[in-house]
Amino acid sequence: MFVPEIYRAPDPAWLIELVRAHPLAILVTPGPAGPLATHLPIVFAADVDGTEPPGTLAGATLYGHLNRANPHWPALAGGADALVVFHGPHGYVSPAVYGTTPASPTWDFTAVHVRGALRPLTGSAHTMRIVRATARVLEDRFGAGWDQTSSRGYFGTLLPGVGAFEVAVTTADGMFKLSQEQEPEVCDRVVESFAGSDHGLHRRLAALIARAARARIGVGRR
C-alpha cells in the first residue's frame with residue numbers, strides 16, 4: 001500500500017485500534033487461477049488466548065475462520081503468504097465544505113494492510129477454540145450480552161464445515177488520510193461537516209480527523 005508520509009498514523013497504536021474496531025477484513029492469498037479474496041472476521045490471538053496484547057502489529061498473530069465449502073479454503077491447505085486488509089471510517093469530502101477555491105474533491109479514509117504467513121490449524125479442538133473464542137471476543141465488543149453456553153452443541157454441528165487458521169504478521173502499514181493536507185481552518189470545517197452527518201461512520205471519521213489534528217499540534221506540524 002502506498003502511504004505518503006503525511007498520511008501515516010501518529011502512533012503505531014492507531015493500527016491496532018483500527019484492527020480491533022473493524023475486524024471484518026478481506027483475506028487475500030494466491031490461488032490456482034489468480035488471487036483469492038474472502039471477507040471474514042479476524043481477531044488478535046492475544047484477545048482469544050487472554051495473553052498480553054501486542055505493542056505493534058508486526059510480530060502479532062491473528063486468528064480467523066471460514067467456510068470449508070469456500071474455494072479459498074483448499075487453496076490454503078499448505079499455508080500461504082497472506083494480505084489482510086482492514087477498513088476503518090471513510091467518507092467523501094466535497095469541495096463545498098472547504099469554503100475556498102480552487103479546490104478538488106477527495107475521499108478521507110482509514111485502512112490497515114497486514115502481511116504475514118498463513119497456517120491452517122488442524123484438528124477439531126483447535127477449530128472449536130477459535131470459533132468459540134472469536135464469537136466471545138466479538139460479542140464482548142459489539143454484541144448485546146449473548147451467552148453462548150446453550151449453543152455449544154450447535155457449534156459442534158457446524159464444526160465440520162469450518163476451517164480455522166492463524167496469520168503470523170511480518171509487516172503492517174496504515175493509511176490515515178484525514179485531511180492533513182488542508183489548512184487548520186479548512187480541516188475544522190471538514191470535521192464539522194462529518195460530525196453533523198446522520199451516518200455513524202461519518203461521525204467516527206470526524207472524531208479521527210479531529211484526533212489526528214490534535215496529534216499534529218502535539219508535534220508542531222499544525
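Here is what the cut-offs are and how they apply
Residues numbered from 1 in each chain as written. Predicted model: local features only at pLDDT ≥ 70, side-chain atom pairs only at ≥ 80, totals over all residues. Heavy atoms only, no water. Pairing = 2+ DSSP bridges. Helix = DSSP H or I, 4+ residues; strand = E, 2+ residues; numbered from the N terminus. Axes fitted to C-alpha atoms, helices over the stretch in contact; angles between N-to-C directions. Contact = heavy atoms within 4.5 Å. Phe/Tyr/Trp six-rings, centres within 6.5 Å; stacked < 30°, edge-to-face > 60°. Buried < 20%, exposed > 50% of the residue type's maximum accessible area, 1.4 Å probe, protein only. Lys NZ or Arg CZ within 6 Å of the ring centre and 35° of its normal. Polar contact = N/O pair within 3.5 Å; in protein donor to acceptor, adjacent residues only side chain to side chain. Core = buried A, V, L, I, M, F, W, Y, C linked by side-chain atoms within 4.5 Å. Expected span 1.5 Å × (residues − 1). Arc of directions from axis to C-beta.

Engineer: Where do I start with the sheet that holds strand S6 (residues 162-177) in this structure?
Structural biologist: Sheet strands pair via backbone hydrogen bonds, and the direction of the pair is either parallel or antiparallel. Spatial ordering of the closed barrel is given by S1-S2-S3-S6-S5-S4, a layout of six strands whose pairing is antiparallel. Put simply, the sheet's adjacent strands are angled 40 degrees from each other on average, direction ignored. Sheet analysis places strand S5 (residues 106-121) next to S6, joined by 13 bridges and oriented antiparallel. Within S6, the position partnered with Thr110 by the bridge is Phe176. Relative to the sheet, helix H4 (residues 124-142) contacts strand S2 (36-44), strand S3 (61-67), S5 and S6, its axis offset from that of S3 by approximately 105 degrees. Docked against the sheet, helix H6 (residues 184-195) engages strand S4 (80-93) and S5, running at close to 90 degrees with respect to S4.

Engineer: How do you make sense of the packing of aromatic side chains when you look at a structure like this?
Structural biologist: Geometrically, a pair of aromatic rings is defined through the distance of the ring centres and the angle of the planes. The final tally for this structure, using the stated rule, is three aromatic pairs. Note on Trp14 and Phe176: the rings are 5.5 Å apart at their centroids and 80 degrees apart in plane angle, and the pair reads as edge-to-face. In this pair, Trp14 sits in helix H1 (residues 13-21) while Phe176 sits in strand S6, placing the two residues 162 residues apart along the sequence. What makes Trp14 buried here is its relative accessible area of 6%. Taking the ring centre of Trp14 as reference, the NZ or CZ of Arg211 above it sits at 4.3 Å.

Engineer: Could you clarify how one ought to interpret the side chain of Gln180 in this entry?
Structural biologist: Take Gln180: it is sitting in the loop between S6 and H6. At 3.5 Å, the side chain of Gln180 forms a polar contact with the backbone oxygen of Ile6. Sequence-distant contacts of Gln180, defined by excluding residues within four places in its chain, comprise Ile6, Tyr7 and Arg216.

Engineer: Sorry if this is basic, but what is going on with the nonpolar core here?
Structural biologist: For soluble globular proteins, nonpolar side chains are generally found buried alongside one another. Core analysis: the largest hydrophobic core is formed by 41 residues, its most contacted members being Phe86 and Phe165. Counting nine residues, the second-largest nonpolar core is a separate cluster that includes Ala45, Val48, Tyr63 and Ile130.

Engineer: Sorry if this is basic, but what is going on with the environment of Pro89 here?
Structural biologist: For Pro89, the position within the fold is in strand S4. Here Pro89 falls in the buried class, since its relative accessible area comes to 4%. Taking C-alpha positions, Pro89 is 22 Å from Thr171, a pair spaced 82 residues apart along the chain. Every residue in contact with Pro89, bar those within four places of it in the chain, is listed here: His22, Phe109, Thr110, Leu201, Arg204, Leu205 and Leu208.

Engineer: Is there a simple way to explain H6 in this structure?
Structural biologist: Residues separated by three or four positions in an α-helix point in the same direction, a consequence of the helix having 3.6 residues per turn. Compared with the 16 Å implied by 1.5 Å per residue over 12 residues, the 16 Å span of H6 between its first and last C-alpha is a close match. Within the sequence span of H6, burial applies to Val186, Cys187, Val190, Val191 and Phe194. For H6, the arc enclosing every buried residue in end-on projection is 145 degrees, short of the 170-degree limit, so these residues lie on one face.

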